[in-house]
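In case you want the letters, here they are:
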Amino acid sequence: MKIRKDDNVLVIAGKDKGKKGKVRSAYPKDERLLVEGINFIKKHTRATGQVRQAGIIEQEAPIHMSNVMLLCGKCNHPTRVGFRSLKDGKKVRACGSCGEVID
Ligand SMILES: [Zn+2]
């Protein structure tokens, strides 16, 4: 998984193109991410036991991983994530722009 929870990402496609946000949840199976403040959809709700207000609410929906780029915390550039193997064989993510290890 190239992008994970708590990463900062830049949206590069779709209606939220150019916006930045923090990944709230990652769904590796679907290759989708729920990003704070991105991809609001309108949802119609009915008053049920749990939801008291009926009407339309806006809610974030997961977007596909290919629509975002990781923002490097070091150089602050949107980057393609690369992988690098450490001496102990551990694989870590690295910024494709400045080469900084991300985790
Ligand atoms: Zn970087």
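Structure's up top.
Keep in mind that what you see is a predicted model, and the values were worked out from it rather than measured. (Residues numbered from 1 in each chain as written. Predicted model: local features only at pLDDT ≥ 70, side-chain atom pairs only at ≥ 80, totals over all residues. Heavy atoms only, no water.)

## Focus: the nonpolar core
By size, the foremost hydrophobic cluster in this structure holds 12 residues: Ile 3, Val 9, Val 11, Val 23, Leu 33, Val 35, Ile 38, Ile 63, Met 65, Val 68, Leu 70 and Val 81. Counting only elements with at least two residues in this core, the list comes to strand S1 (8-11), strand S3 (32-35) and strand S7 (68-71). (Core = buried A, V, L, I, M, F, W, Y, C linked by side-chain atoms within 4.5 Å. Buried < 20%, exposed > 50% of the residue type's maximum accessible area, 1.4 Å probe, protein only. Helix = DSSP H or I, 4+ residues; strand = E, 2+ residues; numbered from the N terminus.)

## Details of the coordination of the zinc ion
Bound to the zinc ion on the protein side are Cys 72 (SG), Cys 75 (SG), Cys 95 (SG) and Cys 98 (SG), at distances that span 2.3 Å. Coordination geometry of the zinc ion: the 4 donor atoms subtend angles of 105 to 114° at the metal centre, consistent with an arrangement described as tetrahedral. Sequence positions of the residues that donate to the zinc ion give the spacing C-x2-C-x19-C-x2-C. Of this pair, Cys 72 sits in the loop between S7 and strand S8 (78-79) while Cys 95 sits in strand S10 (residues 91-95), and the two are 23 residues apart along the sequence. (Donors = N, O, S within 2.8 Å, 3.2 Å for Na, K, Ca; no water. Tetrahedral: all angles 85-135°; square planar, octahedral: opposite > 155°, others 65-115°.)

## Describing the environment of Lys 91
The topology assignment puts Lys 91 in strand S10. Spatially, the C-alpha atom of Lys 91 lies 20 Å from that of Met 65, the residues being 26 residues apart in sequence. If we skip the residues at most four places from it in the chain, Lys 91 touches Arg 84 and Ser 85. (Contact = heavy atoms within 4.5 Å.)

## Notes on the side chain of Thr 45
Its place among the elements puts Thr 45 in strand S4 (residues 40-45). Contact partners of Thr 45, with chain neighbours within four places excluded, come to Gln 53, Ala 54, Gly 55 and Ile 57.

## Describing the side chain of Thr 79
Summarising the element assignment, Thr 79 is placed in strand S8. Setting aside chain neighbours within four positions, we find Thr 79 in contact with Met 69, Leu 70, Cys 72, Cys 95, Gly 96 and Ser 97.

## Quick look at the sheet that holds S7
Pairing in this open sheet of 6 strands is antiparallel, and the strands run S6-S3-S2-S1-S7-S8 from one edge to the other. On the outer flanks of this sheet lie strand S6 (63-64) and S8, each paired with one strand and no other. Sheet analysis places S1 next to strand S2 (residues 20-27), joined by 3 bridges and oriented antiparallel. Along S2, the bridge assignment pairs Asn 8 with Lys 22. (Pairing = 2+ DSSP bridges.)

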